[in-house]
Amino acid sequence: MGVAHDTMLYSYLLEPLAGSHALEDVVLRRLGRKLPSALGEAAERTRELSALLAPEIAREDLQRLYEEIELPLAAVLAEVEAVGVRLDPQILARMSAEFDKELAALTGEIYDLAGGPFDLDSPKQLGEILFEKLKLPGGRRLKKSGQYSTEASVLESLAERHELPRKIIEYRTRAKLKSTYIDALPRYIHPATGRLHTSFNQTVARTGRLSSSNPNLQNIPIGDEFGLRIRSAVVAEKGWLLVSADYSQIELRVLAHMSGDALLIEAFTRNEDIHSRTAQEIFGVPAGLQTHEHRRMAKAINYGVIYGLSSFGLAGRTGTSKTEAQEYIDAYFARYGKVKEFLGGLVEEARRNGRVRTLFGRLRPIPEINSKDVAARNRAEREAMNTPLQGTAADLLKLAMVKVQARLHREEMHTRMILTVHDELVFEAPKDELARAREIVRAEMEGVYPMKVPLRVDIGVGSNWKEAK
DNA sequence: CGATGGTGCGCC
DNA sequence: AAAGGGCGCACCATCG
Ligand SMILES: Nc1ccn([C@H]2C[C@H](O)[C@@H](COP(=O)(O)OP(=O)(O)OP(=O)(O)O)O2)c(=O)n1
Ligand SMILES: [Mg+2]
Ligand SMILES: [Mg+2]
């Protein structure tokens, strides 16, 4: 027997902002009573709940999203979680010892520079040392706690006045990698399978994205050499290979489709790389000479500008003046005229309906859109601009997951899906199935849903995740 | 002692 | 952080 009504998915689709969609909470919220502990009565309440929610799903036009995407996806996710990923604990064990030494040395240097020991993991203590004891300039106060801000960008701005801030940044970066990944991940290896089994949460993100927890495998480092080493610890079984398939410039392509902007559509029809072009424009580096870091920063700028980055924010990130930043933003939207119109239309839609939808009809309420609090309202406008694009990209990947998995099953392949990261799927394939697996993945992902622009997927293969990307 | 809030930061 | 969006986790500080 299959599943007919999934109240958790119903609830999430109807109220994506709700904090919980656990049966107990949904019964309380929607039926106004406590879920009985007696199983027979609990079953009655559950049936009553599904009878309430199913027609609402239909009224809100969420039926196809539920039947064709979310419900079949739940089964796919269960499989992906059960398969798990292999981790090479030796790579991380070596790094742990290495980081121990490095962190100890950094700690000593920092105490010397600070004129005494303190808790390096305490931003509160660090702030007092920097701005009171050492009397460094600035000292912006945080809103909620009144503490001094000690985040990396603040420390960076202090770096020319004192050696300490750089050391702190170095310490923080190393400590973060060690505590969150190097030491934490091996503890999650399941004794029975010898693999890592994350949870992919289907009812958490307000835009329709999936999230991953315990452990989170959607934020495995990639940034610098150490990050790459950590990523290389996610490995394929002997005789198998990892295949990574990541949509190229996905939300930009979604934007091109939804806005209908001719120039953006033409760019993708010509197979151009907008991130790389932005890198060239901002840093003056031609495509051939760009590092991953260049493209990554350019990507952040592209999405930042689209989703409401201010001239202040852009100037802070690029080091240019606020005036120049504003000129860049203006030029950006002047170039893509219909993009500006389209984003404005989303804000209008939110004002009118109190909510926005993705291409597939997924809903997100924007409750603060008419707020009198300027900050809250501005934030709501940015949410209204972001959600249809981020959410449509999520819908596309979810649909692709369902299709790819169906195809792998239908063709009785041994290739298995092991990870999903927003616009990327990772598979583990037996070496002799590799070519076929690649074909299937590319075909199903690129053909998932025909759009005004082609969808492109970058596919890589390797014995570990770093190599495959 | 555990829960909660805040800060900071890893990724997309 | 006043002003890209979306997450989860580690750690400190504080509260009850
Ligand atoms: N700083 C960032 C990075 C990513 N994203 C969103 C938009 C991207 O489309 C999506 C997927 O992230 P990718 O890193 O895969 O970015 P792209 O798909 O745009 O580029 P690429 O061609 O490198 O895959 O996540 C974002 O909003 N802000
Ligand atoms: Mg991508
Ligand atoms: Mg990606």
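Residues numbered from 1 in each chain as written. Chains lettered and ligands numbered in written order. Predicted model: local features only at pLDDT ≥ 70, side-chain atom pairs only at ≥ 80, totals over all residues. Heavy atoms only, no water.

1. Observations regarding the environment of G313
Here is step 1 of the chain: Tracing the chain through its elements places G313 in helix α14 (residues 311-318).
Here is step 2 of the chain: Classification of G313 by relative accessible area gives buried; the value is 11%.
Here is step 3 of the chain: Along the chain, G313 and A325 lie twelve residues apart, while their C-alpha atoms are 8.6 Å from each other. (Helix = DSSP H or I, 4+ residues; strand = E, 2+ residues; numbered from the N terminus. Buried < 20%, exposed > 50% of the residue type's maximum accessible area, 1.4 Å probe, protein only.)

2. Comments concerning the site of ligand 1
Here is step 1 of the chain: For ligand 1, the set of nearby residues contains 13 residues, the closest of which are Q249, R295, K299, Y303 and D423.
Here is step 2 of the chain: Within the side chain of K299, one N or O atom sits 2.7 Å away from an oxygen atom of ligand 1.
Here is step 3 of the chain: Side-chain polar atom of D423 to an oxygen atom of ligand 1: 2.9 Å apart, as the coordinates give it.
Here is step 4 of the chain: Out of a free accessible area of 550 Å², ligand 1 has 73% covered by protein chains.
Here is step 5 of the chain: For the shell around ligand 1, the elements supplying multiple residues, two or more each, are β5 (240-247), α10 (250-259) and α13 (292-306).
Here is step 6 of the chain: For the shell around ligand 1, the element with the most residues is α13, which contributes four residues. (Near = heavy atom within 4 Å. Polar contact = N/O pair within 3.5 Å; in protein donor to acceptor, adjacent residues only side chain to side chain. Areas by Shrake-Rupley, 256 points an atom, 1.4 Å probe, with all protein chains shown as cover.)

3. Some points on the protein's contact with DNA strand C
Here is step 1 of the chain: In the region of DNA strand C, 37 residues are neighbours, and L142, R206, S211, S310 and N378 sit closest.
Here is step 2 of the chain: Backbone atoms, meaning sugar and phosphate, make up 71% of the atoms of DNA strand C lying within 4 Å of the protein.
Here is step 3 of the chain: In this structure, a sugar or linking oxygen belonging to DNA strand C sits 3.3 Å away from a side-chain N or O atom of S179.
Here is step 4 of the chain: Within the side chain of Q390, a nitrogen or oxygen atom sits 3.0 Å from a sugar or linking oxygen of DNA strand C.
Here is step 5 of the chain: Secondary structure elements with two or more residues in the surface near DNA strand C: α8 (164-182), β3 (211-213), α13, α14 and α17 (374-410).
Here is step 6 of the chain: Here the surface near DNA strand C gets seven residues from one element, more than from any other, and that element is α17.
Here is step 7 of the chain: In terms of residue class, the surface near DNA strand C is made up of eight nonpolar, 18 polar and eleven charged. (Nonpolar A, V, L, I, M, F, W, Y, C, P; charged D, E, K, R; others polar.)

4. Remarks on the protein's contact with DNA strand B
Here is step 1 of the chain: With respect to spatial proximity, 23 residues lie near DNA strand B, and among them S145, T150, K176, G223 and R296 are the closest.
Here is step 2 of the chain: Per the 4 Å cut-off to the protein, sugar and phosphate atoms form 81% of the nearby atoms of DNA strand B.
Here is step 3 of the chain: At 2.7 Å from a phosphate oxygen of DNA strand B is found a main-chain nitrogen or oxygen belonging to T150.
Here is step 4 of the chain: One of the side-chain nitrogen or oxygen atoms of R296 is found 2.6 Å away from a phosphate oxygen of DNA strand B.
Here is step 5 of the chain: Counting residues per element, the surface near DNA strand B draws most heavily on α8, at four residues.
Here is step 6 of the chain: Counted by class, the surface near DNA strand B contains seven nonpolar, eight polar and eight charged residues.

5. Notes on the pattern of salt bridges
Pairing is possible between side chains that carry opposite charge, provided their charged atoms lie close to one another.
Here is step 1 of the chain: Taken as a whole and assessed by the stated rule, the structure comprises 40 salt bridges.
Here is step 2 of the chain: D100 serves as the salt-bridge partner of K178, at 3.5 Å between the closest nitrogen and oxygen. Remark: D100 occurs in helix α5 (residues 89-114) and K178 occurs in helix α8; sequence separation between them is 78 residues.
Here is step 3 of the chain: Classification of K178 by relative accessible area gives buried; the value is 12%.
Here is step 4 of the chain: Residues joined in a network through salt bridges with shared partners are E266, R270, E272, R277, E281 and R335. (Salt bridge = Lys/Arg side-chain N within 4 Å of Asp/Glu carboxyl O.)

6. Thoughts on the coordination of the magnesium ion (ligand 2)
Here is step 1 of the chain: Protein coordination of the magnesium ion (ligand 2) is provided by D246 (OD), Y247 (O) and D423 (OD), with donor distances spanning 2.1 to 2.2 Å.
Here is step 2 of the chain: Around the magnesium ion (ligand 2) sit six donor atoms; with metal-centred angles ranging over 78 to 176°, the donor geometry is octahedral.
Here is step 3 of the chain: All donor residues of the magnesium ion (ligand 2) come from one chain, and their arrangement in sequence is D-Y-x175-D.
Here is step 4 of the chain: The metal-metal distance between the magnesium ion (ligand 2) and the magnesium ion (ligand 3) comes to 3.5 Å, with D246 coordinating both. With D246 in strand β5 and D423 in the loop between β8 (416-420) and β9 (424-430), this pair connects stretches of sequence that are 177 residues apart. Neither D246 nor D423 differs from the other in exposure class; each is buried. (Donors = N, O, S within 2.8 Å, 3.2 Å for Na, K, Ca; no water. Tetrahedral: all angles 85-135°; square planar, octahedral: opposite > 155°, others 65-115°.)

7. Description of the confidence of the model for chain A
Here is step 1 of the chain: Confidence in the prediction for chain A averages 96 pLDDT; 100% of positions are at 70 or higher.
Here is step 2 of the chain: Interface confidence for the predicted complex, given as ipTM, is 0.97, next to a pTM of 0.97. (pLDDT = per-residue confidence, 0-100.)

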